[in-house]
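Letter by letter, the chains look like this.
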Amino acid sequence: MKNYANHIKVFGFLSLLLLVIPLQAQESPKLTDPEIASVAVVANQIDIDFAKIALQKSKNKEVQDFANRMIEDHTAVIEQAVALVTKLKVTPIDNAVSQSLLKQAEDTKVNLEKAKKNDFDKYYVDNEVAYHKQVIGAVNDLLIPETKNQELKELLETVVPALETHLGHAQMLQNKLTSKK
Amino acid sequence: MKPFLKHYHFQTVILVSIILLWGFGLKENTTQEPQVHTVEIIKMKFVPQNLIVKKGDKVIWINKDFILHDVTDEKNDKWTSKPFGKNESWSKVITQDEAYFCSLHKVMKGTIKIES
Ligand SMILES: [Cu+2]
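Here the structure is a predicted model, which means the values were calculated and not measured.

Procedures and definitions
For every chain, the first residue of its written sequence is number 1, and the numbers climb from 1 along that sequence. In the order they appear in the text, chains get letters beginning with A and ligands get numbers beginning with 1. In keeping with the model being predicted, local features are shown solely for residues with a pLDDT of at least 70 and side-chain atom pairs are shown and tallied solely at 80 or more, while totals for entire chains, interfaces and linings include all residues. Based on all heavy atoms of the structure, the side-chain values leave hydrogens and waters out of the count. Contact definition: two residues touch when any of their heavy atoms are within 4.5 Å. For this document, the term salt bridge refers to a Lys or Arg side-chain nitrogen within 4 Å of an Asp or Glu carboxyl oxygen. Here a polar contact means two N or O atoms within 3.5 Å. Within protein one must be a hydrogen donor candidate and the other an acceptor candidate, and residues neighboring in sequence count only if both atoms are side-chain atoms. Here a strand is any run of E in DSSP of at least two residues, a helix any run of H or I of at least four, and the numbering for each starts at the N terminus. Gly counts as polar in this scheme, as do all residues outside two lists: the nonpolar Ala, Val, Leu, Ile, Met, Phe, Trp, Tyr, Cys and Pro, and the charged Asp, Glu, Lys and Arg. Only buried Ala, Val, Leu, Ile, Met, Phe, Trp, Tyr and Cys residues count toward a nonpolar core, and they belong to the same one when joined by side-chain atoms within 4.5 Å. When accessible area is computed with a 1.4 Å probe and restricted to protein chains, residues below 20% of their type maximum are described as buried, those above 50% as exposed, and intermediate ones as partly exposed. UniProt positions are given in the numbering used here, feature names are shortened, and annotations may be inferred rather than shown by experiment. Note that water is not among the atoms used; donors are N, O and S atoms within 2.8 Å of the metal (3.2 Å for Na, K and Ca), so sites may look incomplete. Each pair of strands is called paired provided DSSP finds at least two bridges between the two strands.

(A) Structural context of the interface of chain A and chain B. Of the residues lining the interface, 17 residues belong to chain A; the matching set on chain B comes to 10 residues. For the pair chain A and chain B, the interface holds zero salt bridges. Taken together, chain A and chain B are joined by one residue pair in polar contact (both at pLDDT 80 or more). Those elements that place two or more of their residues in the side of chain A that touches chain B are α3 (61-88) and α6 (150-180) of chain A. For the side of chain A that touches chain B, the leading source of residues is α6(A), giving 11 residues. Looking at the side of chain A that touches chain B, its residues break down into seven nonpolar, six polar and four charged.

Okay, here's the thing in structure tokens:
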């Protein structure tokens, strides 16, 4: 029952995001490069925060390794982004997309904290699959097309394969956790 | 005159044979000298992903990503480079077929085959 509820939550989370991002792409004024930089940093920071909760709550070595990987890789991406905006003398600017990502992340964090020990791994990994899919979609369909600065565009294009690798890794874990049950 | 010429010819044949054999040997030596192959790790992929080498050749992996990667024996974990960062490299002499991966990002894989 609990598992089922978790699935509903993940599904709800995913469909909400799938709705919100295209809506914003259509309705909001185009994002400026400083806003895009902000979305990039926020999206990476969110996954680091999820991973930190996983390190506290999971007892599974593979899940912990994955969480450590997320922290290291997403930190590396943020460092690249910060180095670039510093070089370009651009300050990331908060915006509707950053804020909606953060808002949803807050809800997810509450659910991660609440998840029972036995359900945690599955819940975390399912969320990682959904979150990486969502961010890949946002970077490809929203951020890259709207970025004007060539270097920022190239950085985003470099980040997509990393996100896809993380997605593949998360799906691998998801299969393992599912077959274990 | 005749015996001398015969003798002279004999010497020439020997000399030419030695030179030819020597040259051939040298040539053989250069083709057998171990070669160095480069695999770039770029955008989360090993490029080229599948490599064919001669036994004893060296493979150098260069990380072009700003994300840490490693090169690790995929099946038995017999050898690993340990993680290395941007523009750093690691090399290994290849003595048998290898299937390897990045143990940090387990979906990144590559193979090396010894040319038969
Ligand atoms: Cu890697």
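(B) Examining the nonpolar core more closely. Judged by nonpolar contacts, the single largest core of 69 residues is most densely connected at Tyr124(A), Phe46(B) and Trp61(B). With 12 residues, helix α5 (residues 117-146) of chain A is the largest single contributor of residues to this core. Those residues in contact with Tyr124(A) that lie beyond four places of it in its chain are Phe50(A), Ala51(A), Ala54(A), Val63(A), Phe66(A), Ala67(A), Met70(A) and Leu112(A).

(C) Summary view of the UniProt feature "domain: DUF4142" (unreviewed entry) in chain A. Those residues carrying the UniProt feature "domain: DUF4142" (unreviewed entry) are residues 32-173 of chain A in this numbering. Here residues 32-173 of chain A is 89% helix and 0% strand, with 36 Å between the C-alpha atoms at its ends.

(D) Highlighting the coordination of the copper ion. All names here are of chain B. All of the protein donors around the copper ion are His69 (ND1), Cys102 (SG) and His105 (ND1); their distances to the metal are 1.7 to 2.3 Å. Going along the chain, you hit the donors of the copper ion in the pattern H-x32-C-x2-H. Of this pair, histidine 69 sits in the loop between β4 (58-63) and β5 (72-73) while histidine 105 sits in the loop between β7 (98-101) and β8 (109-114), placing them 36 residues apart in sequence. An identical accessibility class is assigned to histidine 69 and histidine 105; each is buried.

(E) Main features of the sheet that holds β7(B). The four strands lie next to each other as β3-β8-β7-β5 (chain B), forming an open sheet whose pairing is mixed. One side of each edge strand has no neighbouring strand; the edge strands of this open sheet are β3 (50-53) and β5 of chain B.

(F) The arrangement of the pattern of salt bridges in detail. For the structure shown, the criterion picks out 11 salt bridges over all chains. Between Asp73(A) and Arg69(A) there is a salt bridge whose closest N-O contact spans 3.4 Å. Of this pair, Asp73(A) and Arg69(A) both sit in helix α3, four residues apart, which is roughly one turn of that helix. You'll find Asp73(A) and Arg69(A) in the same group, each marked buried. Between Glu74(B) and Lys109(B) there is a salt bridge; the shortest N-O distance is 3.0 Å. On the criterion of sequence distance, the pair formed by Glu74(B) in the loop between β5 and β6 (89-93) and Lys109(B) in strand β8 is long-range, its members being 35 residues apart. According to the relative accessible area criterion, Glu74(B) is partly exposed, its value standing at 28%. Among the residues examined, Lys109(B) registers a relative accessible area of 37% and is labelled partly exposed. In the salt-bridge network here, residues are joined through shared partners; they are Asp49(A), Glu106(A) and Lys109(A).

(G) Structural view of the environment of Ile112(B). Residue and element names in this part refer to chain B. By the secondary structure assignment, isoleucine 112 is in strand β8. Isoleucine 112 sits in the buried class, given a relative accessible area of 1%. It is 13 Å that separates the C-alpha atoms of isoleucine 112 and serine 91, two residues lying 21 residues apart in sequence. Ignoring any residue separated from it by four or fewer positions in sequence, one finds isoleucine 112 in contact with Leu51, Val53, Val59, Trp61, Ile94, Asp97, Glu98 and Tyr100.

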